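Descriptive structure summary
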Amino acid sequence: MTGTPTGRNAEQTAERTTERDIGRTPTDDTGRATADAGGRAVGAESGRKGDDADAGRKGDDADAGRKGDNAGAGRKGDDADAGRKGDDAAEPSADRKTRVTVLVALIANLIIALAKALGGLFAGSPALLSEAAHSVADSLNEVFLLAALRRSRRPADARHPFGYGKERFFWSLLAAVGIFVMGGCFSFFQGVEALRSGADEELSGYVAGLIVLGVSFVAEGVSLLRALHQVRRQGGGFGALRDPALRTVVAEDGTAVLGVTLAAIGMALHMVTGQVVWEASASLAIGALLVFVAYRLGREARDQLIGEAADPQTGARIRALLDAQPEIDSVEAIFTMKTGLDSVLVAARVDLMPGLDSERVEEIAVRIKRSIAGMVPEAKQIFLDVTDRHAGEAAESPAATGERGGA
């Protein structure tokens, strides 16, 4: 009896155990599978976030690199701009010195003109009045030269693509005309009038006139020394006088010192001999001197206005550079023209050796232009005209025949 219940209990216990196992296994396995999947998903998400973070860091590094490159490029651009600004500031430096020289001459001429005019009227001296007219002309010319310095530095625009550099030559031409008309012609008039009507002066007039001339000599000498000092600082010689403003000041002051000397000699001889012919002759000599100086200054300004070529040495250097290029068969022509005080236009017609394509021709042209600009810094505009030859002419060219090492 006892064994039977125990057997049934065991069977029941086994059945319940089996049912629990059956009921628990799907749930637990599913939960574990879900948990494992969730863990893998979280891991994958973390991996993606890590990848994204790495990509973000790489992107930030790339952005930082680009910013660094841009900053470097900006610094290079700033350095280039600073270099250009430095060059622009260096060029007007000579203009500032010339402006000071012109202002010194203007102040001296205004004072001298007033003193000469008063002394000439008081003494009745034709030579002194001629010198007064000379100083008035010089004062007006200094105004022209100041205008030339200011206006010639204006940048190029659509109406004047080559700039305003030639304005300096134009105002210098007006200054030469002023010397001729107001100085030379008036001096001739005073000399002829003195010969025609005569002039009697008292001792006080002679003394006053000589004192005025002495003061004028000192003032004109100071102005001349200032101009010569600038010429010497710019290298001296004719090259330093290529600036028409500085050249005009030197010519005016040198003529003024010589004119004052002639006037003083004429007055002294008139005082000693009592003959007005000496003073009239001095006035005529001053007029002739002024006319000569005006002619020389006007001729220089005219040559520069109508298109003067650069100096022969510059043209020879450009031709030698072109001849040395292996791709150039022959240099047909070279043209240069001064477009300002420190700017030159260069145009060259060259024949390239046959067989070059258009891209190669463009590369050669760019290289040659850069070479010319590096060798001649004042060459602001460079034009290269490549000529085309027929096949027969190309076959007979030096490059084709091997005369210059061609194929």
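Residues numbered from 1 in each chain as written. Predicted model: local features only at pLDDT ≥ 70, side-chain atom pairs only at ≥ 80, totals over all residues. Heavy atoms only, no water.

1. Looking at the pairing of strand β2 (residues 343-352)
For β2, the buried fraction is high: nine of the ten residues fall into the buried class. In the sheet, strand β1 (residues 328-340) pairs with β2 via ten bridges, with the strands oriented antiparallel. From the neighbouring strand, I334 faces β2, where its bridge partner is A348. Strand direction decides the pairing type here: β2 and strand β3 (residues 379-387), joined by eight bridges, are parallel. Considered in β3, the bridge of V350 is made with V386. (Buried < 20%, exposed > 50% of the residue type's maximum accessible area, 1.4 Å probe, protein only. Helix = DSSP H or I, 4+ residues; strand = E, 2+ residues; numbered from the N terminus. Pairing = 2+ DSSP bridges.)

2. Remarks on the pattern of salt bridges
Side chains carrying opposite charge are able to pair once their charged atoms draw close together. Evaluated as defined, the whole model comprises eleven salt bridges. R154 is paired through a salt bridge with E167; the nearest N and O atoms lie 2.4 Å apart. With R154 in the loop between α2 (126-151) and α3 (167-197) and E167 in helix α3, the pair connects residues that are 13 residues apart, well separated along the chain. Each member of the salt-bridge network shares a partner with another, and the members are E327, R360, E363 and R367. (Salt bridge = Lys/Arg side-chain N within 4 Å of Asp/Glu carboxyl O.)

3. Observations regarding the nonpolar core
Among the nonpolar cores identified, the biggest contains 19 residues, and I318, L322, I328, V350, I368, I372 and L384 are the most heavily contacted of them. Contributions of two or more residues to this core are made by α8 (312-323), β1, β2, α9 (358-375) and β3. Broken down by element, the residue count for this core peaks at five residues, all from β2. Look past the residues within four positions of L322 in its chain and what remains in contact with it is I328, V331, I334, A348, V350, I368 and I372. (Core = buried A, V, L, I, M, F, W, Y, C linked by side-chain atoms within 4.5 Å. Contact = heavy atoms within 4.5 Å.)

4. Focus on the sheet that holds β2
Here three strands make up an open sheet; going across it, the order is β1-β2-β3 and the pairing mixed. Either end of the sheet is taken by a strand with one partner, and the two such strands are β1 and β3. Averaged over neighbouring strand pairs, the angle between their axes works out to 15 degrees when direction is ignored. (Axes fitted to C-alpha atoms, helices over the stretch in contact; angles between N-to-C directions.)

5. Points about the packing of aromatic side chains
Considering all chains together, one arrives at three aromatic pairs under this definition. A ring pair is formed by F144 and W171, whose centres lie 5.8 Å apart and whose planes are at 40 degrees; its orientation type is tilted. Taken together, the residues span a long stretch of sequence, with F144 in helix α2 and W171 in helix α3 at a distance of 27 residues. Here W171 falls in the buried class, since its relative accessible area comes to 18%. Ring geometry for F170 versus W171: centroids 5.5 Å apart, planes at 75 degrees, classification edge-to-face. The class for F170 is partly exposed, based on a relative accessible area of 37%. By way of ring pairs, the aromatic residues F144, F170 and W171 are connected into one cluster. Looking at R154, its charged tip hangs above the ring of Y164, at a distance of 3.8 Å from the centre. (Phe/Tyr/Trp six-rings, centres within 6.5 Å; stacked < 30°, edge-to-face > 60°. Lys NZ or Arg CZ within 6 Å of the ring centre and 35° of its normal.)

6. Points about the confidence of the model for the protein chain
When pLDDT is averaged along the protein chain, the result is 74, and 69% of the positions lie at 70 or above. Below a pLDDT of 50 lies the segment residues 1-91, which in the model reaches four contacts outside its immediate sequence neighbourhood of four places, other chains included. Note on residues 397-407: pLDDT is under 50 here. Beyond four places in sequence and across chains, it has 23 contacts. (pLDDT = per-residue confidence, 0-100.)

7. So, the side chain of T101
The topology assignment puts T101 in helix α1 (residues 3-123). Its relative accessible area of 0% is what places T101 among the buried residues. Apart from residues no more than four positions distant in its own chain, T101 is found in contact with R226, A227, Q230, L246 and V249.

8. Observations regarding a nonpolar patch on the surface
Judged by side-chain polarity, L195, I265, L269, V277 and W278 come together as a nonpolar surface patch covering roughly 420 Å² of accessible area. Elements that contribute at least two residues to the nonpolar patch include exactly α6 (244-273) and α7 (277-305). Structurally, the position occupied by I265 is in helix α6. Judged by its relative accessible area of 45%, I265 falls in the partly exposed class. (Patch = residues over 30% accessible without salt bridge, like charges linked within 9 Å, V, L, I, M, F, W, Y side chains within 5 Å. Areas by Shrake-Rupley, 256 points an atom, 1.4 Å probe, with all protein chains shown as cover.)

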